[in-house]
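# Chains, contacts and geometry: an overview
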Amino acid sequence: MKSILSAVIGATLALTAIEATAQATPGERQVSLTIETDTLASALDKWAQQSGFQIFVQDWEATKKLPARSLKGTFTAQDALEQLLSGTSLTYTWISDKAVSIRRKTPQTVPTALQRTSLEGDHQGVPVAKFSDDVGNRPGAASFESAASEISRDRPNSLEVEEVLVTGTHIRGVTNTGSKVTVVDRSYFEKSGYSTVQDVLKTLPQNFGGGESEDFTVNTNAANFNSGSSINLRGLGADATLVLVDGQRQAPGGIGGAFIDVSNIPVAAIERIEILSDGASAIYGSDAVGGVVNIVLRHEFDGAETRLRVGSYGGDASETQASQLVGTSWSGGSLLLGYQFLKREALQRKDRAYAASSDQTRNGGSDFRSPFSNPGNIFDPLTFAPGFGIPQAQDGTQLTPADLSTQTNAQDNARLLDLLPEQKMHSAFVEARQTVGDRVNVRAAARYNRRSVESLPAVLGTPLFVTPENPFFVEPYGFPFAVVGYSFVDDLGPLRATGDTRTTSALVGATVDMASSWQMAVSASRTEEKTEFKSENQVNFPALTAALADPDPTTAFNPFGDGSHTAPATIEAIRGTERDRATATTTLAQLKADGSVFDVHGVAAKLAVGLEYRAEKLNSENLYADLGFPDQIRNLTRNVSAAFSELAIPLLSRSNGQGDVGAVWASLAGRFEHYDDFGDTFNPKLGLSWSPSDSFALRGTWGTSFKAPRLIELNEAGSRSASLQPVVDPTSPAGTSVALVLFGNNAELKEERATTWTMGFDITPTSIPITLSLTYFDIDYKDRIAAGGPPSDPLSILLQESQWSEVINRNPSQAQIDEICNSPAFFGSPIDCATLPPSAIIDLRLRNLGVVRTRGVDLVIKDALETDHGTFNFELDGTYVLDIEQAVTSRAPRLDILDTLNNPLSLRLRGSASYSLGNLSAGLQVNYADSYKDTLSQPARRVNSWTTLDGWLSYRTGAGAGLLENCEASLTLVNLLDKDPPFADRELGYDAANADPYGRVISLQVQKDW
């Protein structure tokens, strides 16, 4: 499959030779058209595809309700467009030689807030007709770059068209210099067969599935108790991808505030998602290392939209989604209201054959059943390995060492547990906009979401230390205590996890058109995510310890039987509940201004400057009192101040028949940020774009990015500890040494830093409807925050001393030892440090240690074929990762983790073919994930590639259909061949970071526009 990339790239590079040498004036180009449809929306889309122009439409929803005439033959593009718009309230203007804007006939001297777009700031929406997956790369797709060109004032039928703000820049009316933007529009959501943001974005090759997810088997240490979902561009971690909603930062999710939970954003509210796979801290600040994802909500909407979707995951878990939108507009303003409900049943492990048992030997794998079982096992106290099995079919009251079996027991809880949780979600959103006077546009928006989850994720098993005081005591090794590996499956049942997440968001903003081309924007927003989690059927260990030492057989805990043979009152006494709560808030205020500063070669250079203030808070509570341990309560805050600027300069110009345009654009951006907890940071970015013709462009970027340490990582209170520990020491004659070991968070953490650069080209011939984009990326990510020591066994650190020398102090001074041993964090007495003088201090607290570097290539190819029997569209998206090198410290050797279990794959492809004729459309999509190695198995084993096929069929009724007028019915099938994920030697039988357990997903959606 990897050879596909080379073959396709080589074949399509020849497109530059096909480019027509003579360019017709916009609209006068002769085109052959076959347009047979009954809605203006469909007719305009076909006109764009067949004529090779991009289109902007002010109110795309309105065009779905207007009738259209049929056209067949050869026309000028302008004449055909005029015929389609004849008799409507719409008109058009050419905004470049490749793009046209369609809008209401009423001229507007001052563009309203409904006609602007932005990835940041006040993000006022965009009057775009149709988005493909990549901005500006397909005829018929709205092109931000084309729309940003200067408007020729002497063109006929020209209205004043606003300058739009492209993704990844603060400046209106310039191209996104150097970077590539991917756009996922509403039609892609509807055809994907999925109902959530996270599931749709998992299909993109640039997004890695490992990270925070509703599949709790892939969650990291981000305290994602409520099964939230993240976006993980380039596989660098969810916290290295900046996620915005309408250009605004969101409050983080999870008990630890470690990631942005996109599962709390209703699909019904989304207009499109813009993805910038490039470092962008110079524009947006922290977290924009792997890239930026902006979820753009719906803004202008007239009428009502009712939608119902029902689906099934392999026939084992059903899903229902319903939404209602109501909108209206008036002169200079609009109002939109929306609501969505989503319910998804839990998917159980027993419903998937590969996950129905923890014993994977039937699939050629390992046995992952647990030695903590019922009946249990008695462990060897010296080796801590299970040595004797407690026999079955007995109650533990008459057990002797002779009754024990040398055949140990194994617990398989798979059929009791869930793969994915049950979910319910209620969402509501509202937005109002108004033009005030001739220059001011204001906007207010609010969003509320409540998502609840419930699941059976695990069964608790643990070693129990039993003494002879227990009336059921039996011990075969001759020790004065027994170590029993025990499962509470029959006493307490599986853990029952329930969670509730409530998200609120409010925004107010205004833009003011000032003198000349300058515009000022001011905005303020506040988002809050409140998380509550409860885990029932936990164990109160102090109560359990007392019950194990109880000499009364009627009340003591009995771990030696088959099943539960302990008094119900004792069981209830040890039954505990863990409760966790967190409230994270992000308050943001921004003031920004941008406009032209001077002309170069007749083209305006433009500047943006701005100030930003952000307040972050995290109040988190881990309530363990019911488990017999002290609660942990944290109230953390920090304030961030930022100043930023960006300059876009046309270095060279060329003529396209309508005046000079920028042929070489350079952009220079910089952002300074002050954090009141860890300090200052400055990040620059340089971008270059060269367009020697309208059909070919070269681009590149270089910049630095950063990720600030999380609030909870800087908080040492309740987390920092120090103790004397025996550690393996190859330099000691005894083989071991006493070390003073530190654990916990670290108030001295600094930001993680990255250097990113990209290079690429775009080929968009005007003579044929095919496009090609290729982008090379390189990210060098340093000072990543991690705990010290080998992850599998931190106390074996001296066996790898050269790699971990940064955290090892071999010759500590007495003052350094005394400082730690006399601190409140030390477990023990200062006398202990004098009695057993430590030979080393080992700092295993969180530190800026890790290094990651990744390089790769993104590819997008699109083609359209118009025939007398319908229109065909083809697309191929792919990411080929060259390497991902990772080192635990700057001094450790770098290891390539690419194509290994739980890590990104070298090749992911997504190919699609669609067909449309009139109101009928259909399509197929192929998803490919490359094969890789399971290096955690010994010997390493191959995990096969995974290819799945998706399909969809859609029909929309037109005018004159009575009650069914303006209805659309869609049938989608994800993984329609019901292909299981490739086997990986893990307890679930698959690698959850690179596959999913959904099976064949069948969904039917009906939409009615009123």
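Placed above this text is the structure.
Described below are features of the structure shown in this document.

So, how was this worked out
- Residues numbered from 1 in each chain as written.
- Predicted model: local features only at pLDDT ≥ 70, side-chain atom pairs only at ≥ 80, totals over all residues.
- Heavy atoms only, no water.
- Pairing = 2+ DSSP bridges.
- Helix = DSSP H or I, 4+ residues; strand = E, 2+ residues; numbered from the N terminus.
- Buried < 20%, exposed > 50% of the residue type's maximum accessible area, 1.4 Å probe, protein only.
- Contact = heavy atoms within 4.5 Å.
- Polar contact = N/O pair within 3.5 Å; in protein donor to acceptor, adjacent residues only side chain to side chain.
- Salt bridge = Lys/Arg side-chain N within 4 Å of Asp/Glu carboxyl O.
- Patch = residues over 30% accessible without salt bridge, like charges linked within 9 Å, V, L, I, M, F, W, Y side chains within 5 Å.
- Areas by Shrake-Rupley, 256 points an atom, 1.4 Å probe, with all protein chains shown as cover.
- Axes fitted to C-alpha atoms, helices over the stretch in contact; angles between N-to-C directions.
- 1 Å grid on protein atoms, 1.4 Å probe; cavity = no way out; pocket = protein on both sides within 12 Å on 5 of 7 lines; lining within 4 Å.
- Points joined across faces, edges and corners; volume = space filled by probe spheres on them.
- Nonpolar A, V, L, I, M, F, W, Y, C, P; charged D, E, K, R; others polar.
- Lys, Arg positive; Asp, Glu negative; His and termini not counted.

## A closer look at the pairing of strand 12 (residues 317–330)
As paired strands, strand 11 (residues 303–313) and strand 12 are joined by 11 bridges and run antiparallel to one another. Bridge pairing in strand 12 places G303 opposite G327. Between the end of strand 11 and the start of strand 12, which pair antiparallel, lie 3 residues, with G314 showing a positive phi angle near 65°. By the bridge criterion, 12 bridges tie strand 12 to strand 13 (residues 333–344) in an arrangement that is antiparallel. Of the residues in strand 13, the one forming a bridge with L325 is G338. Hairpin connection from strand 12 to strand 13: 2 residues lie between these consecutive antiparallel strands, with G332 at a positive phi of about 85°.

## Description of the environment of H565
In this fold, H565 is placed in the loop between helix 9 (541–548) and helix 10 (568–574). On the accessibility criterion, H565 (34% relative accessible area) is partly exposed. On a C-alpha basis, the gap between H565 and Q394 in space is 9.6 Å, while along the polypeptide they are 171 residues apart. Aside from chain neighbours lying at most four places away, what touches H565 is Q394, D395 and N558. A distance of 2.8 Å separates a polar atom in the side chain of H565 from the backbone oxygen of D562.

## Regarding the pattern of salt bridges
Here the structure, examined in full by the defined rule, presents 55 salt bridges. The salt bridge involving R614 is made with E612; its shortest N-O contact spans 3.6 Å. For E612, a relative accessible area of 11% puts it in the buried group. R810 is the salt-bridge partner of E801, the closest N and O atoms lying 2.9 Å from each other.

## Structural notes on a nonpolar patch on the surface
Taken together, the side chains of L308, V310, L920, L953, Y955, L971, I1002, L1004 and V1006 define a hydrophobic patch exposed on the protein surface, amounting to about 730 Å² of accessible area. Those elements giving two or more residues to the nonpolar patch turn out to be strand 11, strand 43 (946–956) and strand 45 (1001–1009). Mapped onto the secondary structure, V1006 falls in strand 45.

## A closer look at the sheet that holds strand 16 (residues 386–389)
Judged by pairing direction, the sheet is antiparallel, and its 4 strands sit side by side in the order 16-15-21-20 without closing on themselves. Each edge of the open sheet is held by one strand with a lone partner, namely strand 16 and strand 20 (461–466). Neighbouring strand axes in the sheet, compared pairwise and without regard to direction, differ in orientation by 35° on average. Direction of pairing for strand 15 (residues 377–379) relative to strand 21 (residues 482–487): antiparallel, over a ladder of 3 bridges. Paired with I378 across the bridge in strand 21 is V484.

## Considerations on unusual backbone geometry
Residue N374 is joined to P375 through a cis peptide bond whose omega torsion reads -5°. By the element assignment, P375 lies in the loop between strand 14 (347–348) and strand 15. The omega angle of the peptide bond from Q938 to P939 is 0°, so this bond is cis rather than trans. Relative to the assigned elements, P939 resides in the loop between strand 41 (932–934) and strand 42 (941–943). Even without glycine at this site, S227 takes up a positive phi of about 55°. Tracing the sequence through the fold places S227 in the loop between helix 7 (197–201) and strand 7 (241–245). S227 gets classed as buried once you look at its relative accessible area, which sits at 4%. Positioned with a positive phi, R234 is a non-glycine residue whose angle comes to about 65°. By the secondary structure assignment, R234 is in the loop between helix 7 and strand 7. Assessed through its relative accessible area of 7%, R234 is described here as buried.

## Observations regarding empty space enclosed by the protein
Size it by volume and the second largest cavity reaches roughly 800 Å³. Lining the second largest cavity are 49 residues, and of these K202, T203, G209, R908 and N994 lie nearest its centre. Every element with two or more residues in the lining of the second largest cavity is listed here: helix 7, strand 37 (870–887), strand 39 (907–917), strand 40 (920–929) and strand 43. Residues belonging to the lining of the second largest cavity are distributed by class as follows: 20 nonpolar, 19 polar and 10 charged.

## Observations concerning the side chain of D580
Here D580 is to be found in strand 24 (residues 575–600). In this structure D580 is buried but unpaired, with R634 as the nearest side chain of opposite charge at 7.4 Å. Side chain to side chain, D580 and N622 meet in a polar contact 2.6 Å long.

## Focus on the side chain of N470
Tracing the backbone through its elements, the reader meets N470 in the loop between strand 20 and strand 21. Engagement of the side chain of N470 in a polar contact is seen with the backbone nitrogen of F472, the distance being 2.8 Å. Polar contacts involving the side chain of N470 include one to the main-chain carbonyl oxygen of L548, which spans 2.9 Å. With near-sequence residues (within four places) excluded, N470 lies in contact with A547, L548, D550, F557, P559 and F560.

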